[in-house]
Amino acid sequence: MDLTTVDRLLTTTRSVRKRLDLRRPVEPAVLERCLEIAMQAPTGTNMQGWHWVIVTDAAKRRGLADLYRRAFATYREMNTAGSLPEGDLRTRQMPRVIDSATYLADHLHEVPVHVVPCIEGRVEHGPVVMQASVYGSILPAVWSLMLALRARGVGSAWTTLHLMHEAEAAKLLGVPETVTQVALLPVAYFTGTDFKPAKRLPAADRVHWDAWGRRRAHAR
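Asker: Would you mind going over the state of the cysteines in detail, with residue names and values included?
Answerer: Using the criterion set out here, one finds zero disulfides in the structure. Left unpaired, Cys-118 is separated from the closest cysteine sulfur, that of Cys-34, by 18 Å. Taking the relative accessible area as the measure of exposure, Cys-118 reaches 2% and is therefore buried.

The following block contains the structure:
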């Protein structure tokens, strides 16, 4: 296995917004192959309860985009970075994130494919262990889908804002009440190739050895 290639794929698969090609269609065969790959991901108790709603119909994409924009307006009113320390890396990045997210909200209806990953069951009122099991059975597959798409020159972005209006989205798409939507991925070929690793908080500051807050002792 070429670890360099694998590491580059894992560290440069970004949420693509401004660089989505809004004019170029994505071939159904590409989507189907990437979904076959995604469904090799882990699934709790081998239930394989995943479903994927692929939305290419222009009217339905407009409907989803309208729901997303309504939710985005609410999101913009939140003080997203207000709880972060002044000078924090994430605080400095927030204006760029908001600008990119605003662009997506304005153009989501133009993105040629929307993918809505779903999982059988409802767990919003269930215990944490049930919620973790259900979401843990679909989220790895969604990430695998994003990686498989990226490897083929197709970009995507993990969004969840439309879930503020999940019932309306379910009605639009005919999703049963017993099924949970977990995301909405805008999918399109991307422009350019210069994706780079993102600036993240140091891993050492977020890793706890054997107990919360305990750092690994350096070898002497």
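Asker: Give a description of helix H4 (residues 89-107) that names residues and reports values.
Answerer: The first and last C-alpha atoms of H4 sit 28 Å apart over 19 residues, in line with the 27 Å expected at 1.5 Å per residue. Considering bend angle alone, the principal kink of H4 is centred on Pro-95 and spans about 35°. Among the residues of H4, Leu-89, Gln-93, Met-94, Ile-98, Ser-100, Ala-101, Leu-104 and Ala-105 are the ones counted as buried. Looking at the packing, one finds that the buried side of H4 touches helix H3 (58-77) and strand S5 (185-189).

Asker: Residues and numbers for the packing of aromatic side chains, please.
Answerer: The geometry of an aromatic ring pair is captured by two quantities: the separation of the ring centres and the angle between the planes. According to the stated counting rule, one finds three aromatic pairs in the structure shown. Considering the side-chain rings of Phe-72 and Tyr-75, the 5.7 Å spacing of their centres and the 35° angle between planes classify their relative orientation as tilted. Placement of the pair is Phe-72 and Tyr-75 together in helix H3, with a separation of three residues, close to one helical turn. Here the two residues Phe-72 and Tyr-75 agree in accessibility, since each one is buried. Ring geometry for Phe-190 against Phe-195: centres 5.0 Å apart, planes inclined by 85°, an arrangement best described as edge-to-face. Each member of the pair, Phe-190 as well as Phe-195, carries the same accessibility label: buried. Counting every residue linked through ring pairs, the aromatic cluster contains Tyr-68, Phe-72 and Tyr-75. Cation over ring: Arg-19 sits above Phe-195, and NZ or CZ is 4.1 Å from the ring centre.

Asker: Give me the pairing of strand S2 (residues 113-120): which residues, what numbers.
Answerer: The buried fraction of S2 is high, at seven of eight residues. The pairing of strand S1 (residues 50-55) with S2 spans six bridges and is antiparallel. For His-51, the partnering residue across the bridge sits in S2 and is Cys-118. Here three bridges tie S2 to S5, and the two strands are oriented antiparallel to one another.

The rules behind each value
Residues numbered from 1 in each chain as written. Predicted model: local features only at pLDDT ≥ 70, side-chain atom pairs only at ≥ 80, totals over all residues. Heavy atoms only, no water. Disulfide = S-S within 2.5 Å. Buried < 20%, exposed > 50% of the residue type's maximum accessible area, 1.4 Å probe, protein only. Helix = DSSP H or I, 4+ residues; strand = E, 2+ residues; numbered from the N terminus. Expected span 1.5 Å × (residues − 1). Bend = angle between axes of the 7 residues up to and from the residue. Contact = heavy atoms within 4.5 Å. Phe/Tyr/Trp six-rings, centres within 6.5 Å; stacked < 30°, edge-to-face > 60°. Lys NZ or Arg CZ within 6 Å of the ring centre and 35° of its normal. Pairing = 2+ DSSP bridges.

Interpretation note: all reported values are geometric properties and have no functional meaning in isolation.
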